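# Structure at a glance
The chain contents come next:
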Amino acid sequence: MNISYSQVEEQCNELHAVAKNMKEILDNIEGIRTKISSKDSWSGYASDIYSGKLESISKNFEEVFIEIENSILYMASCSDGYQAIDQQIMKEICSNLKITEPNLNTSNIFNGD
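Values in this document were obtained by computation on a predicted structure and should not be read as measured data.

## Some words on the overall build of the chain
- A tally of regular secondary structure across the chain gives two helices and zero strands.
- The buried share of the chain, taken over its 113 residues, is 21%.
- Intrachain contacts of the chain at a sequence separation of at least 6 include 64% that bridge at least 24 residues.
- Of the roughly 8200 Å² that the chain leaves accessible, carbon and sulfur atoms contribute 56%.

Laid out in structure tokens, this is it:
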């Protein structure tokens, strides 16, 4: 399977956008849990159980989010490394053949986010 550096970059950016959306959902869940556990709106055994479940979901969600972000960074790092090697090889080939070196795009993972 062939995939270009720009396709890797697009996939990394898309995964990052999904991860950010997941983080926003996580923050919303945590906000709901905080309201429930404040005892001002709902109190009692059911409130405690529901709040505990939301806390558990929130904790697990955070771990998933971090793992996704770390995987994206690893994929981007690998792509950047391979691209740097390709650029060096291209530079050597062009130098040996005494031709103008083409411009290989460098990545812009996360578009500065």
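## Considering the packing of aromatic side chains
- Taken as a whole and judged by the stated rule, the model has zero aromatic pairs.
- The residue whose ring lies beneath Lys 23 is Phe 65, and the NZ or CZ to ring-centre distance is 5.6 Å.

## So, the environment of Met 22
- You can see Met 22 is positioned in helix α1 (residues 5-37).
- By relative accessible area, which is 17% here, Met 22 ends up buried.
- Separated by 39 residues in sequence, Met 22 and Phe 61 have C-alpha atoms that sit 8.1 Å apart.
- Once residues within four sequence positions are removed from consideration, Met 22 is found in contact with Phe 61, Val 64 and Ile 68.

What counts, and where the lines are drawn
Residues numbered from 1 in each chain as written. Predicted model: local features only at pLDDT ≥ 70, side-chain atom pairs only at ≥ 80, totals over all residues. Heavy atoms only, no water. Helix = DSSP H or I, 4+ residues; strand = E, 2+ residues; numbered from the N terminus. Buried < 20%, exposed > 50% of the residue type's maximum accessible area, 1.4 Å probe, protein only. Contact = heavy atoms within 4.5 Å. Areas by Shrake-Rupley, 256 points an atom, 1.4 Å probe, with all protein chains shown as cover. Phe/Tyr/Trp six-rings, centres within 6.5 Å; stacked < 30°, edge-to-face > 60°. Lys NZ or Arg CZ within 6 Å of the ring centre and 35° of its normal.

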